[in-house]
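What the coordinates show
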Amino acid sequence: MFIYITYDIDGFITEYQNTEADGFTKVFILDSWISQFAQHSDKFRYDADKKVVLNPGNLPDLSLGELNNKYSSVLETSQQAVQSATALAQQQTVSATSISQLQKSITELALSQSEKGTK
């Protein structure tokens, strides 16, 4: 898989992306490295002389179970945020309706007081 990277003076990768851009170097990453690279890209180095990415070889393995747990946690947090935003929107709608009704009542009261004052 080809990606585009930037790297520091020691060759450690500082940033990567899937699209070509100024200042980025096109490199090939082995398919078997992709999951490790996605998690620990700053541990990989680029050898500018050989023009290859070097895998440090001592990265921790992430099991599918751990990855699933992390995904589930992010999903749960996201769902809680959506529920909170929905509840807030519903409360704001109720508040806006109440304010509108209050304004209408005040206007009607003011008009009735105005009519009493002109009679």
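Going by the structure above, here's the rest.
Bear in mind the structure is a predicted one, so any value in this text is a computation, not a measurement.

A count of helical and extended segments in the protein gives two helices and five strands. Along the protein, helices (α) and strands (β) appear in the sequence β-β-β-α-β-β-α when read from the amino end. Its C-alpha atoms give the protein a radius of gyration of 30 Å, clearly above 14 Å, the size a compact globule of 119 residues would have. Dimensions along the principal axes, computed over C-alpha positions, put the protein at roughly 100 × 40 × 20 Å. The burial tally for the protein puts 16% of its 119 residues in the buried class. In the protein, once contacts between residues fewer than 6 apart in sequence are set aside, the share between residues at least 24 apart is 34%. When the accessible surface of the protein is summed, it comes to about 9300 Å², and 55% of that surface belongs to carbon and sulfur atoms.

We now examine unusual backbone geometry. In this structure, K51 takes a positive phi of about 60° despite not being glycine. Relative to the helices and strands, K51 resides in the loop between β4 (45-47) and β5 (52-54).

Further remarks concern the sheet that holds strand β1 (residues 2-7). For sheets, the rule is that strands pair by backbone hydrogen bonds, running either parallel or antiparallel. Reading across from one edge, β2-β1-β3 is the order of the three strands in this open sheet, with antiparallel pairing throughout. Bordering the open sheet on either side are β2 (13-17) and β3 (25-28), each of which pairs with just one other strand. Between one strand axis and the next, the sheet turns by 45° as a mean value, whatever way the strands run. Where β1 lies against β3, four bridges are found, and the strand directions are antiparallel. Bridge pairing in β3 places I5 opposite T25.

The nonpolar side chains of a soluble globular protein tend to be buried, and buried together. In this structure, I3, I5, I13, V27, I29, W33, F37, F44, Y46, V53 and L59 together form the largest nonpolar core, which totals 11 residues. Ignoring any residue separated from it by four or fewer positions in sequence, one finds I5 in contact with I13, E15, Y16, G23, F24, T25, V27, F37 and Y46.

This part is about the pattern of salt bridges. Oppositely charged side chains can pair when the atoms bearing their charge come close. The final tally for this structure, using the stated rule, is one salt bridge. Of the charged contacts in the structure, one is a salt bridge between D42 and K43, with a shortest N-O distance of 3.7 Å. According to the relative accessible area criterion, D42 is partly exposed, its value standing at 44%.

To continue, consider the side chain of S41. Note on placement: S41 falls in the loop between α1 (34-40) and β4. In this structure, S41 is in contact with I13, Y16 and Q36, ignoring residues within four places of it in sequence.

Counted under the stated rule, the structure contains five aromatic pairs. Taking the centre distance of 4.8 Å and the plane angle of 45° together, the rings of Y7 and Y46 count as tilted. Note that Y7 is positioned in strand β1 and Y46 in strand β4, a separation of 39 residues in sequence. Put simply, the rings of Y16, W33, F37 and F44 pair up and form one aromatic cluster. Just above the ring of F2 sits the side chain of K26; from NZ or CZ to the centre is 4.6 Å. Above the face of the F12 ring, R45 is positioned so that its terminal group lies 5.7 Å from the ring centre.

Basis of the calculations
Residues numbered from 1 in each chain as written. Predicted model: local features only at pLDDT ≥ 70, side-chain atom pairs only at ≥ 80, totals over all residues. Heavy atoms only, no water. Helix = DSSP H or I, 4+ residues; strand = E, 2+ residues; numbered from the N terminus. Rg over C-alpha atoms; globule rule 2.2 N^0.38 Å. Buried < 20%, exposed > 50% of the residue type's maximum accessible area, 1.4 Å probe, protein only. Contact = heavy atoms within 4.5 Å. Areas by Shrake-Rupley, 256 points an atom, 1.4 Å probe, with all protein chains shown as cover. Pairing = 2+ DSSP bridges. Axes fitted to C-alpha atoms, helices over the stretch in contact; angles between N-to-C directions. Core = buried A, V, L, I, M, F, W, Y, C linked by side-chain atoms within 4.5 Å. Salt bridge = Lys/Arg side-chain N within 4 Å of Asp/Glu carboxyl O. Phe/Tyr/Trp six-rings, centres within 6.5 Å; stacked < 30°, edge-to-face > 60°. Lys NZ or Arg CZ within 6 Å of the ring centre and 35° of its normal.

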